[in-house]
Amino acid sequence: MRTLTATCCLVCALAAGCAMAPLGPKDGELAVPADYRSWPKFLSAVQRPDARQVREIYMNPAAAAATASAGFGSGTVFVMENYAALETTDGKLATDANGKLIKAELLRIFVMGKGTGWGQAVPESLRNGNWVYASYLADARSKGPEDLSTCRACHLPLANKDFVPRYDEHFSAARR
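Predicted model, so just to flag it, every value in this text is computed and none were measured.

Caption draft 1: Representation of the overall build of the protein within the structure. Each helix and strand in the protein was counted, giving four helices and five strands. Shown N-terminal to C-terminal, the secondary structure of the protein runs as helices and strands in the order α-β-β-α-β-β-β-α-α. The proportion of buried residues among the 176 residues of the protein is 36%. Of the accessible surface of the protein, which amounts to about 10,100 Å², a share of 59% is contributed by carbon and sulfur atoms.

Caption draft 2: Main features of the environment of His 155. Residue placement: His 155 occurs in helix H3 (residues 148-155). On the accessibility criterion, His 155 (12% relative accessible area) is buried. Apart from residues lying up to four places away in sequence, His 155 is in contact with Met 112, Asn 128, Tyr 133, Phe 163 and Pro 165. Within the local environment of His 155, its side chain forms a polar contact with the backbone oxygen of Phe 163, the two atoms lying 2.7 Å apart.

Caption draft 3: A look at the pattern of salt bridges. For the coordinates displayed, the defined rule picks out 10 salt bridges. Salt-bridge contacts for Arg 48 lead to Asp 50; the nearest nitrogen and oxygen are separated by 2.6 Å. Owing to a relative accessible area of 60%, Asp 50 belongs among the exposed residues under this scheme. Where salt bridges share partners, they join Lys 41, Glu 56 and Lys 103 into one cluster.

Caption draft 4: Quick look at the state of the cysteines. The full count for this structure, using the stated rule, is zero disulfides. Left without a disulfide partner, Cys 151 is nearest to the cysteine sulfur of Cys 154, which lies 7.9 Å away. Here Cys 151 falls in the buried class, since its relative accessible area comes to 15%.

Caption draft 5: Inspection of the packing of aromatic side chains at higher detail. Across all of its chains, the model carries eight aromatic pairs by this definition. Between Phe 42 and Phe 72, the aromatic rings sit 6.2 Å apart at their centres with planes inclined by 65 degrees, giving edge-to-face as the arrangement. Pair noted here: Phe 42 is in strand S1 (residues 41-48) and Phe 72 is in the loop between helix H2 (61-64) and strand S3 (77-85), with a separation of 30 residues, a long-range link. Taken individually, Phe 42 and Phe 72 each receive the classification buried, so the pair is uniform in this respect.

Thresholds, definitions, all that
- Residues numbered from 1 in each chain as written.
- Predicted model: local features only at pLDDT ≥ 70, side-chain atom pairs only at ≥ 80, totals over all residues.
- Heavy atoms only, no water.
- Helix = DSSP H or I, 4+ residues; strand = E, 2+ residues; numbered from the N terminus.
- Buried < 20%, exposed > 50% of the residue type's maximum accessible area, 1.4 Å probe, protein only.
- Areas by Shrake-Rupley, 256 points an atom, 1.4 Å probe, with all protein chains shown as cover.
- Contact = heavy atoms within 4.5 Å.
- Polar contact = N/O pair within 3.5 Å; in protein donor to acceptor, adjacent residues only side chain to side chain.
- Salt bridge = Lys/Arg side-chain N within 4 Å of Asp/Glu carboxyl O.
- Disulfide = S-S within 2.5 Å.
- Phe/Tyr/Trp six-rings, centres within 6.5 Å; stacked < 30°, edge-to-face > 60°.

This is the structure we're talking about:
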């Protein structure tokens, strides 16, 4: 009888421990999807002269199916490529005939994913709903040196936009 009781206690303890464990990946654990460049663009050639960058943001099919009223569902993944803006020989930012910054070398790749229960291990003061983040160098394999709490802090004020910058810009373009 003691063995049965001990076994039941062990099973209950394991079940309780599993139920308390965070679901899904944590920050830094999302991989760069191999096929992300075949996905639709969320936004293209995002101009960031303040950061001396041009950004390309891809969204997986789950994100592409989202609506402004419902937000982005579980399974959504964004991949953002950060390119240095081309500089002229005098250090100014080079622009094309339309006045847009010109992309130079790829600097970093960021991944942002959403899943049920994700991100719950993050302190509440930095929690962005069910989103998690990862940072990579240009090779898409080496982890980036970025502190992902910086990503979280930037996205935090956007709770009413599902923590996604340029939410309105994307959905207004999608209606056209």
